[in-house]
Amino acid sequence: MAKQRLGRGLGALLPSDDQAIEMIPIQKCRPNPYQPRKTFDADAIEELKTSIIEYGIIQPLILRRSIKGYEIVAGERRFRAAKEAGLEEIPAIVKEFDDNKMMEIALLENLQREDLTIVEEAIAYKSLIEELKLTQEELSQKLGKSRSHIANTMRLLSLPAEIINYINNGELSMGHGRALLGLKNQDDTLLVAKKIVKNKLNVRQVEQLITDMNGKQTKRKTKSVKKDPFLKQYESTLREKLGTKVTIQKNNKRGKIEIEFYTDDELNHLISILEK
């Protein structure tokens, strides 16, 4: 399926082709301070550098003047590749943009790239909403994206930082992240995320796992029994040692330790630990 075009697109924001192209010293240029992309693929930069060495920069960068030279409005990948290629000057169109327009163009340029991670996309949405004082509905109309997509994407940013890193580096998918958001006991989120990565669980398996965990959580709340703090500490110790959910129940007559596992491999791992 072809990627949906953004509502206004960059064409409505960037200058037309008939504007003057200037050769700007590369040392006077610096990245856009509103650039949402935090990492640039080294292989992609290397490929672009090779192309620039052979053919030059075909599409000029868009710059704006600043106190210390120029800020890149659009074209940071070309700028980085040009530096790698040893260019001393780059072709550019210099325009006057305020900070809001700088941010809008930088975010739109990145949102139109297919290799933007879902976390970078979420950060871009959040930045546009906060800095440009937009509602999700207004942003939806501006970008040509559904409001639900924007809302669901931004919800990923409410996950713990370590899980966001898992999603950003591809160890977890957006589907995994959305499933984790449905976990009633958010204290278990990181533990479940590590289990997903370790056992390579797919989204359907994770959804079933969380449904089961939520069901048990509901039953525990129904009982509403206040647990001895010493038992809670023992649970925490065993959870860290075994790497899975552990529940200790005790009354005046007897006690029970419940150790959860979700795959045969995990069962074998637990047995090997207990046999030591």
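What you see is a predicted model, and the numbers here were worked out from it, not measured in a lab.

A. Here's a closer look at the pattern of salt bridges. Per the counting criterion, the structure on display carries 6 salt bridges. The closest approach of N and O atoms between E71 and R30, which form a salt bridge, is 2.3 Å. Here E71 is found in strand β4 (residues 69–74), whereas its partner R30 is found in strand β2 (residues 29–30), with 41 residues between them in sequence. Taking relative accessible area as the criterion, E71 reaches 5% and is therefore assigned buried. Taking relative accessible area as the criterion, R30 reaches 37% and is therefore assigned partly exposed. By sharing partners, the salt bridges in this structure join R30, R64 and E71 into a single network.

B. Structural detail: the pairing of β4. The buried fraction of β4 amounts to 6 of the 6 residues, a majority that puts the element mostly inside the structure. Of the strand pairs in this sheet, β2 and β4 are connected by 2 bridges, and their pairing is parallel. Note on β4: the bridge partner recorded for C29 is Y70. In this structure, strand β3 (residues 61–66) lies alongside β4, joined through 5 bridges in antiparallel fashion. Across the sheet, L63 pairs through a bridge with I72, a residue of β4.

C. Broad picture of the nonpolar core. Core analysis: the biggest nonpolar cluster contains 21 residues, and L159, I163, I167, L172, L180, V192 and I196 have the highest contact counts within it. Of all the secondary-structure elements, those providing two or more residues to this core are α4 (118–131), α7 (161–168), α8 (174–181), α9 (189–199) and α10 (203–223). With residues up to four places along the chain from it excluded, the contact list for L180 reads L159, I163, L172, Q186, T189, V192, A193, I196 and I210. Within the second largest apolar cluster, 18 residues are counted, among which are I24, I26, C29 and I52.

D. View of the environment of E120. Along the polypeptide, E120 turns up in helix α4. Its relative accessible area of 4% is what places E120 among the buried residues. Put simply, E120 and T39 are 81 residues apart on the chain and 9.5 Å apart in space, counted from C-alpha to C-alpha.

E. Spatial organisation of the sheet that holds strand β1 (residues 22–25). Sheet architecture is open: 5 strands sit in the order β1-β5-β3-β4-β2, paired in mixed fashion. Each having just a single partner strand, β1 and β2 make up the two edges of the open sheet. Packing of helix α2 (residues 76–84) onto the sheet brings it into contact with β2, β3, β4 and β5 (89–94), and relative to β4 it is tilted by some 125°.

F. Just helix α11 (residues 229–242), in detail. The first and last C-alpha atoms of α11 sit 20 Å apart over 14 residues, in line with the 20 Å expected at 1.5 Å per residue. Turning to α11, its buried residues are L231, E235 and L242. All buried residues of α11 project into a common sector of 50° when viewed along the axis, lining one side. Of the residues in α11, the exposed ones pointing more than 90 degrees away from the buried face are P229, F230, E240 and K241. Residue G243 follows α11 closely and has a positive phi angle near 75°.

G. Quick look at the packing of helix α5 (residues 136–143) against helix α6 (residues 147–155). Two numbers describe how α5 lies on α6: the axes approach to 8 Å, and their chain directions differ by 115°. Read as a crossing pair, α5 and α6 show a hand that is right-handed. Of α6, the residues touching α5 (which contributes Q136, E137, L139 and S140) are R147, I150, A151 and M154. Partitioning the contact of α5 with α6 into residue classes produces 4 nonpolar, 2 polar and 2 charged.

H. Seen up close, the packing of helix α1 (residues 42–55) against α2. One way to put it is that α1 packs onto α2 with a least axis distance of 8 Å and a crossing angle of 65°. Relative to α2, α1 is oriented roughly perpendicular. Remark: the crossing between α1 and α2 carries right-handed chirality. Contacts between α1 and α2 involve A44, I45, L48, K49 and I52 from the former and R77, R78, R80, A81, A82 and E84 from the latter. By residue class, the composition of the contact of α1 with α2 is 6 nonpolar, no polar and 5 charged.

Cut-offs used in this document
- The residue numbers shown here count from 1 along each chain, following its written sequence.
- Totals for whole chains, interfaces and linings use every residue, but because this is a predicted model, local features are given only for residues with pLDDT of at least 70 and side-chain atom pairs only at 80 or more, for both listing and counting.
- Derived side-chain values reflect all non-hydrogen atoms in the structure, with water molecules and hydrogen atoms excluded from consideration.
- One speaks of a salt bridge when a side-chain nitrogen belonging to Lys or Arg is within 4 Å of a carboxyl oxygen belonging to Asp or Glu.
- Runs of H or I in DSSP of at least four residues are treated as helices and runs of E of at least two as strands, each being numbered from the N terminus.
- Type-normalised accessible area, obtained with a 1.4 Å probe on protein chains alone, sets the label of each residue: buried when under 20%, exposed when over 50%, and partly exposed for intermediate values.
- Should DSSP find at least two bridges between two strands, the strands are regarded as paired.
- Among buried residues, the Ala, Val, Leu, Ile, Met, Phe, Trp, Tyr and Cys ones that are joined through side-chain atoms within 4.5 Å form a nonpolar core.
- What makes two residues a contact is simply this: any of their non-hydrogen atoms within 4.5 Å.
- To obtain an axis, a line is fitted to C-alpha atoms, over the contacting stretch when the element is a helix, and the angle between two such axes runs from 0 to 180 degrees between their N-to-C directions.
- Multiply 1.5 Å by the residue count of a helix minus one, and that product is the helix's expected span.
- Here, the arc refers to the directions that run from the helix axis to the C-beta atoms.
- Helix crossings get a hand from a simple test, with the near helix turned counterclockwise from the far one by less than a right angle marking a left-handed crossing and a clockwise turn marking a right-handed one.
- Each residue gets one of three labels, nonpolar for Ala, Val, Leu, Ile, Met, Phe, Trp, Tyr, Cys and Pro, charged for Asp, Glu, Lys and Arg, and polar for the others, Gly among them.
- Oblique is the label for any angle not covered by the other classes, which are roughly parallel (under 35 degrees), roughly antiparallel (over 145) and roughly perpendicular (65 to 115).

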